[in-house]
Amino acid sequence: MTVNLEVSEGVGTIRLNRPPMNALDVATQDRLRELAEEAARRDDVRAVVLYGGEKLFAAGADIKEMQAMDHAAMVVRGRALQESFTAVARIPKPVVAAVTGYALGGGCELALCADFRIAGDSAKLGQPEILLGLIPGAGGTQRLARLVGPSKAKDLIFTGRQVKADEALAMGLVDQVVPAAEVYERAHAWAARLAQGPAIALRAAKESIDTGLEADIDTGLAVERNWFAGLFATEDRERGMRSFVEEGPGKAKFL
């Protein structure tokens, strides 16, 4: 399989496995969507890590495969491409991207689907589609601008240039830079910590933030308000408040 799902300590690792460059061909895109949907519904997966391996995350789309497609073919395929990445972005659980080596084109767009990005100090990220006479087609023009702002997004997309880990950190494209050999360990530890949290509240927080970013503030506040009230019906809320009253803050254990 070109993408695998492995579960440990409540963390599901979605790992790209298409050497040598983890090129995101059609089969890989479809498999990615399948496993994202599986991770979303599995109770034993409480957080997710996106990982490409020790050497690189993903160097982009399969250009040879794309070259053979005409306009009609891409009209059909373009929607499926976006839906594969959207399935990752909509996993209702914390998702962290563990970025090693290259994360370019579709690889960068996949990392953008995560809630948090940990990059190795030798990582390079970018959206080089313009160099092919194209633009990002898997959400890059939308998610990148929302993450780093329109000006920085236009810089990367208009020029197609690659940025090293330190610049990516400075612009907010990644959230943490660590030695390359520690990327997966750090990402898994971050995910494992959140996997111990209240699952429904984490889902509520993620949906409230993401929906609010895509809507007007009144809509976002309504989503937040509904989730906030709804959480009062959960066992986790009862456990968390009881622990706070009886033991003090930060000591609640969630199932």
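To start, this report covers the structure provided alongside it. (Residues numbered from 1 in each chain as written. Predicted model: local features only at pLDDT ≥ 70, side-chain atom pairs only at ≥ 80, totals over all residues. Heavy atoms only, no water.)

1. Section: the overall build of the protein chain
At step 1: Per the secondary structure count, the protein chain includes eleven helices and nine strands.
At step 2: Against the 2.2 N^0.38 benchmark of 18 Å for 255 residues, the protein chain shows a C-alpha radius of gyration of 19 Å, consistent with a compact globule.
At step 3: A principal-axis box enclosing the C-alpha atoms of the protein chain has dimensions of 65 × 40 × 35 Å.
At step 4: Of all 255 residues assigned to the protein chain, the portion counted as buried reaches 44%.
At step 5: By sequence separation, contacts in the protein chain at least 24 residues apart represent 69% of the contacts at least 6 residues apart.
At step 6: Side chains of the protein chain carry 31 positive and 35 negative charges; the gap between the two charge centres is 1 Å. (Helix = DSSP H or I, 4+ residues; strand = E, 2+ residues; numbered from the N terminus. Rg over C-alpha atoms; globule rule 2.2 N^0.38 Å. Buried < 20%, exposed > 50% of the residue type's maximum accessible area, 1.4 Å probe, protein only. Contact = heavy atoms within 4.5 Å. Lys, Arg positive; Asp, Glu negative; His and termini not counted. Charge placed at Lys NZ, Arg CZ, Asp CG, Glu CD.)

2. Comments concerning the environment of Phe-254
At step 1: When you line up the elements, Phe-254 lands in the segment after helix H11 (235-247).
At step 2: Look past the residues within four positions of Phe-254 in its chain and what remains in contact with it is Gln-196, Gly-197, Pro-198, Asp-236, Arg-239 and Gly-240.

3. A closer look at the sheet that holds strand S5 (residues 102-104)
At step 1: Pairing in this open sheet of three strands is mixed, and the strands run S5-S7-S8 from one edge to the other. Of all strands in the sheet, those bounded by a partner on one side alone are S5 and strand S8 (162-164). Adjacent strand axes in the sheet meet at a mean angle of 20°, parallel and antiparallel pairs treated alike.
At step 2: As paired strands, strand S7 (residues 124-126) and S8 are joined by three bridges and run antiparallel to one another. (Pairing = 2+ DSSP bridges. Axes fitted to C-alpha atoms, helices over the stretch in contact; angles between N-to-C directions.)

4. With respect to the layout of surface pockets
At step 1: What the largest pocket holds in volume is close to 970 Å³.
At step 2: Around the largest pocket sit 30 residues that line it, and Ala-89, Cys-113, Arg-143, Asp-210 and Glu-214 are the ones nearest its centre.
At step 3: At nine residues, the largest contribution of residues to the lining of the largest pocket is made by helix H9 (residues 199-213).
At step 4: Here the lining of the largest pocket is built from residues that sort into 14 nonpolar, five polar and eleven charged.
At step 5: Of the voids in this model, the second largest pocket is the one considered here, and its volume is about 580 Å³.
At step 6: For the second largest pocket, the lining is made up of 28 residues, of which Ala-61, Met-66, Glu-129, Leu-134 and Ile-135 are closest to its centre.
At step 7: Counting only elements with at least two residues in the lining of the second largest pocket, the list comes to helix H1 (26-41), helix H2 (63-67), helix H3 (71-89) and helix H4 (106-112).
At step 8: The leading source of residues in the lining of the second largest pocket is H3, at five residues. (1 Å grid on protein atoms, 1.4 Å probe; cavity = no way out; pocket = protein on both sides within 12 Å on 5 of 7 lines; lining within 4 Å. Points joined across faces, edges and corners; volume = space filled by probe spheres on them. Nonpolar A, V, L, I, M, F, W, Y, C, P; charged D, E, K, R; others polar.)

5. Examining the packing of aromatic side chains
Between two aromatic rings, the relevant description is the distance of the centres plus the angle of the planes.
At step 1: Summed over the entire model, instances satisfying the criterion amount to three aromatic pairs.
At step 2: Measuring from ring centre to ring centre gives 4.9 Å for Phe-116 and Trp-190, while their planes differ by 10°; the resulting arrangement is stacked. With Phe-116 in strand S6 (residues 116-120) and Trp-190 in helix H8 (residues 183-195), this residue pair connects regions lying 74 residues apart in the sequence.
At step 3: Plain terms: the ring middles of Phe-228 and Phe-232 are 5.5 Å apart, the flat faces sit at 75° to each other, and that makes the pair edge-to-face.
At step 4: Residue class for Phe-228 comes out exposed when judged on its relative accessible area of 57%. (Phe/Tyr/Trp six-rings, centres within 6.5 Å; stacked < 30°, edge-to-face > 60°.)

6. Let's talk about the packing of H9 against helix H10 (residues 217-230)
For any two helices packed against each other, one specifies the crossing angle of their axes together with the interaxial distance.
At step 1: It is at 8 Å that the axes of H9 and H10 come closest, and there the two elements cross at 170°. Judged by the inter-axis angle, H9 sits roughly antiparallel to H10. Between H9, through Ile-200, Arg-203, Ala-204, Glu-207, Ser-208, Thr-211 and Gly-212, and H10, the contact on the second element is made entirely by Gly-220, Val-223, Glu-224 and Trp-227.
At step 2: When the residues that make up the contact of H9 with H10 are grouped by side-chain class, the tally is four nonpolar, four polar and three charged. (Parallel < 35°, antiparallel > 145°, perpendicular 65-115°, else oblique.)

7. Some remarks on the side chain of Arg-31
At step 1: Positionally, Arg-31 belongs in helix H1.
At step 2: In terms of polar contacts, Arg-31 uses its side chain to reach the side chain of Glu-34, at 2.6 Å. (Polar contact = N/O pair within 3.5 Å; in protein donor to acceptor, adjacent residues only side chain to side chain.)

8. Regarding helix H6 (residues 150-159)
At step 1: If you check which residues of H6 are buried, you get Ala-153, Leu-156 and Ile-157. The buried residues of H6 all sit within an arc of 90° when viewed along its axis, so they share a single face. Facing away from the buried surface of H6 by more than 90 degrees, the exposed residues are Ser-151 and Phe-158.
At step 2: Each element contacted by the buried residues of H6 is listed here: helix H5 (140-148), S8 and helix H7 (165-171). (Arc of directions from axis to C-beta.)

By themselves these figures say nothing about function.
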